Amino acid sequence: MSPQHQITALIQAADQGAESYTLINPWNSRRKFAAFACVAEHYGYRYAGLSPDFNTGRSYPVFAFRRLPDADRRLAHARAQWPQATNGGPLPGMRPDGRALTPLPEHQREVDLLHARIMVDLYGTSRFARLKRLALLVPMGFFAAVALTGALVTAGLALAGGASAIWLAYLFLSSAFMRRRHITYRRRLEAADITWPPR
């Protein structure tokens, strides 16, 4: 997906003096989203984590960007240096050869660290809370379905119990994977002397 729409929306938020800007990652790649976060800094907005206002019960996380104190200066500079950014032209910090969200070598480390921040947020406590809700609600749904369909009690309970066991095993493995990834990305940030999330 082309980033021009998101850049245009970000500039509009900056023009209005909005203190925050939120969006759902429109790309399949989280690395591309990290590259977008790098571009956003040139327009006056810094990645700030998951939005606390929009993420309750959502399937897709909503990410927040916060306006920087020197946002007006950054926006003016970006407009002057990359005037065609909203029309398919080069983007700040990205390669100008048609790969819109591919970082230049000098910006690769910044994008890598932004990617680590995003992954720490995605594998953080809010996602574990969602897994806990799913661990309760989905098995309840299985057993409710058995009750509503009037299936044979023994066979129905066995089927619902088996499905619930498989589901809980899947959630357990997912939770273990998420914890491992969370630790990995947090260590990368610590190695770069970055405390995330900010306190």
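Structural data are supplied above this passage.
Below is a short write-up of the structure. Remember, predicted model here, so these are calculated numbers, not experimental data.

Each value, and the rule that gives it
Residues numbered from 1 in each chain as written. Predicted model: local features only at pLDDT ≥ 70, side-chain atom pairs only at ≥ 80, totals over all residues. Heavy atoms only, no water. Helix = DSSP H or I, 4+ residues; strand = E, 2+ residues; numbered from the N terminus. Contact = heavy atoms within 4.5 Å. Pairing = 2+ DSSP bridges. Axes fitted to C-alpha atoms, helices over the stretch in contact; angles between N-to-C directions. Buried < 20%, exposed > 50% of the residue type's maximum accessible area, 1.4 Å probe, protein only. Lys, Arg positive; Asp, Glu negative; His and termini not counted. Salt bridge = Lys/Arg side-chain N within 4 Å of Asp/Glu carboxyl O. Phe/Tyr/Trp six-rings, centres within 6.5 Å; stacked < 30°, edge-to-face > 60°.

### Concerning the environment of Phe65
Inference 1: Position of Phe65 among the secondary structure elements: in strand β3 (residues 62–67).
Inference 2: In this structure, the C-alpha to C-alpha distance between Phe65 and Leu23, residues 42 residues apart in sequence, is 8.7 Å.
Inference 3: Here Phe65 is in contact with Glu19, Ser20, Tyr21, Leu23, Phe33, Phe36, Ala37, Ala40, Tyr45, Arg46, Tyr47 and Ala48, once residues within four sequence places are set aside.

### Quick notes on the sheet that holds strand β2 (residues 45–50)
Inference 1: If you walk across this open sheet you meet the 3 strands as β1-β3-β2, and the pairing is antiparallel. Each edge of the sheet is formed by a strand with only one pairing partner; in this case those strands are β1 (20–24) and β2. Averaged over neighbouring strand pairs, the angle between their axes works out to 30° when direction is ignored.
Inference 2: Looking at chain direction, β1 and β3 are connected through 5 bridges and run antiparallel. Residue pairing in the sheet places Leu23 in a bridge with Phe63 of β3.
Inference 3: Relative to the sheet, helix α2 (residues 30–42) contacts β1, β2 and β3, its axis offset from that of β2 by approximately 140°.
Inference 4: On the sheet, helix α4 (residues 108–122) packs against β2 and β3 and is oriented at approximately 25° with respect to β2.

### Some words on the side chain of Arg117
Inference 1: Inspection of the secondary structure puts Arg117 in helix α4.
Inference 2: No salt bridge is formed by the buried Arg117. Its closest oppositely charged neighbour is Glu41, at 5.2 Å.

### Focus: the environment of Ile183
Inference 1: If you trace the backbone, Ile183 turns up in helix α6 (residues 153–191).
Inference 2: A C-alpha to C-alpha distance of 9.7 Å links Ile183 and Gly124, two positions 59 residues apart in sequence.

### Concerning the packing of aromatic side chains
To describe a pair of aromatic rings, one takes the distance between the centres and the angle between the planes.
Inference 1: Counted by the stated rule, this structure contains 10 aromatic pairs.
Inference 2: Centre to centre, the rings of Phe33 and Phe36 are 6.3 Å apart; their planes meet at 25°, and the pair counts as stacked. Taken together, the residues span about one helical turn, with Phe33 and Phe36 both in helix α2 at a distance of 3 residues.
Inference 3: Residue classification places Phe36 among the buried positions, given a relative accessible area of 0%.
Inference 4: An angle of 45° between the planes, with centres 4.6 Å apart, marks the rings of Phe33 and Phe63 as tilted.

Keep in mind that these numbers describe shape and distance, not what the molecule does.
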